[in-house]
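# A closer look at the structure
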Amino acid sequence: MYIVYILYSESTSKYYTGQTDNLENRLTRHNSGLSLSTKYRKPWGLIYNIGFLTRPEAMDLEQKIKKRGAKRYLLDNNLIDVSEL
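Residues numbered from 1 in each chain as written. Predicted model: local features only at pLDDT ≥ 70, side-chain atom pairs only at ≥ 80, totals over all residues. Heavy atoms only, no water.

So, on to the overall build of the chain. A count of helices and strands for the chain gives 3 helices and 3 strands. Its helices and strands taken in sequence order, the chain reads β-β-α-β-α-α from the N to the C terminus. In terms of overall dimensions, the chain is globule-like: its C-alpha atoms have a radius of gyration of 12 Å, near the 12 Å expected for 85 residues. Seen through its C-alpha atoms, the chain measures out along the principal axes to roughly 35 × 30 × 20 Å. Among the 85 residues that make up the chain, the fraction classed as buried is 33%. (Helix = DSSP H or I, 4+ residues; strand = E, 2+ residues; numbered from the N terminus. Rg over C-alpha atoms; globule rule 2.2 N^0.38 Å. Buried < 20%, exposed > 50% of the residue type's maximum accessible area, 1.4 Å probe, protein only.)

As C-alpha cells, this is what we get:
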C-alpha cells in the first residue's frame, strides 16, 4: 500500500505533499527534522491521506496535487472548508 499525504504546518501556514509506503515513519521523519524540505517548518500535522495499491498511482496523484497546489486541491475536493483557513 502506498499513501499520498498532505501535511500542514500551523507555524508557517504551509502545506507539504508527499507519498510513502510507511506513513507513520514518514511523519516522524518530517517532525524530527530529518527531511530537508520540511525541517524548518515543523511541527507538521497530517490533514489528508489516501491509499493506493501501486506506487505509480500514488506518484501520479502526488504530482497532480503539487501541480495544482495542496490548498487548492483540498478546497476543490471539499476536503477542507474555507472557514478553516
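After that view of the structure, there is still more to cover.
Moving on, we get to helix 1 (residues 23-31). The α-helix advances 3.6 residues per turn, and as a result positions three or four apart in sequence lie on the same side. Residues Leu23, Arg26 and His30 constitute the buried set of helix 1. Buried residues along helix 1 cover an arc of 65 degrees about the axis, so they all sit on one side. As for helix 1, its buried residues are in contact with strand 1 (2-9), strand 2 (14-20) and strand 3 (45-52). (Arc of directions from axis to C-beta. Contact = heavy atoms within 4.5 Å.)

Opposite charge on two side chains permits them to pair, given that their charged atoms come into close proximity. A full pass over the atoms with the stated rule returns 3 salt bridges. The salt bridge partner of Glu62 is Lys66, with a shortest N-O separation of 3.1 Å. Pair noted here: Glu62 and Lys66 are both in helix 2 (residues 55-68), with a separation of 4 residues, about one helical turn. (Salt bridge = Lys/Arg side-chain N within 4 Å of Asp/Glu carboxyl O.)

Before going further, it helps to examine the packing of aromatic side chains. In this structure the tally under the stated criterion is 4 aromatic pairs. With centroids separated by 4.8 Å and ring planes inclined at 50 degrees, the aromatic side chains of Tyr8 and Tyr15 adopt a geometry described as tilted. Residue classification places Tyr15 among the partly exposed residues on the basis of a relative accessible area of 23%. Ring pairs connect the aromatic residues Tyr5, Tyr16 and Trp44, which therefore count as one cluster. (Phe/Tyr/Trp six-rings, centres within 6.5 Å; stacked < 30°, edge-to-face > 60°.)

Another point: unusual backbone geometry. Cis peptide bonds are those with omega within 30 degrees of zero, and the linkage from Lys42 to Pro43 qualifies with 5 degrees. Looking at where Pro43 falls in the secondary structure, it is placed in the loop between helix 1 and strand 3. Even without glycine at this site, Ser13 takes up a positive phi of about 55 degrees. With respect to the helices, strands and loops of the structure, Ser13 is situated in the loop between strand 1 and strand 2. For Ser13, a relative accessible area of 46% translates into the label partly exposed. Positive phi values are uncommon outside glycine, yet Asn78 reaches one of about 55 degrees. Relative to the helices and strands, Asn78 resides in the segment after helix 3 (70-76).

Don't take any of this as a statement about function, it's just geometry.
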